[in-house]
Amino acid sequence: MSDDCKYLEYCPIWENLESNLKYMWIKSYCQGIKQSECVRKAIADAGDKAPLELLPDGTLLPKSAFSSDD
Ligand code: SF4
């Protein structure tokens, strides 16, 4: 089974992360076999909102990695 994660279209970390490394994460987690291990997905499935800086493996990125359009 390799369906995309149901949150992929609007997962805020990818909308705002500036590094092209995000495509590696998306390929292995959001569109790949590690999708069921994603901590962001677990939080969303529980009805909560994951922190923007939280990577699928539970690592927190610095705020400076994100575009600031506010
Ligand atoms: S980061 Fe996690 S919750 Fe977001 S789209 Fe990818 S697998 Fe889904």
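Caption draft 1: Focus on the overall build of the chain. Check the secondary structure of the chain and you find three helices and zero strands. Seen in sequence order, the chain has helices and strands lined up from the N terminus as α-α-α. Taking 11 Å as the expected radius of gyration for a compact globule of 70 residues, we find that the chain reaches 12 Å, a close match to that expectation. Along the three orthogonal principal directions, the C-alpha set of the chain runs to about 35 × 25 × 20 Å. Here the chain, with 70 residues, has 16% of them falling under the buried criterion. For the chain, restricting intrachain contacts to residue pairs at least 6 apart in sequence, the fraction spanning at least 24 positions comes to 51%.

Caption draft 2: Structural context of the nonpolar core. Within the largest apolar cluster, six residues are counted, these being Cys11, Ile13, Trp25, Tyr29, Cys30 and Cys38. For this core, the leading source of residues is helix H2 (residues 22–30), giving three residues.

Caption draft 3: Geometry of the confidence of the model for the chain. Averaged over every residue, the pLDDT of the chain is 93; the share at 70 or more is 94%. Between the elements of the chain, mean pLDDT differs from a low of 93, seen in helix H1 (residues 12–16), to a high of 98, seen in helix H3 (residues 39–45).

How each quantity is defined
Residues numbered from 1 in each chain as written. Predicted model: local features only at pLDDT ≥ 70, side-chain atom pairs only at ≥ 80, totals over all residues. Helix = DSSP H or I, 4+ residues; strand = E, 2+ residues; numbered from the N terminus. Rg over C-alpha atoms; globule rule 2.2 N^0.38 Å. Buried ≥ 20, exposed ≤ 12 C-beta atoms within 10 Å, placed from the backbone. Contact = placed C-beta atoms within 7 Å. Core = buried A, V, L, I, M, F, W, Y, C linked by C-beta atoms within 7 Å. pLDDT = per-residue confidence, 0-100.

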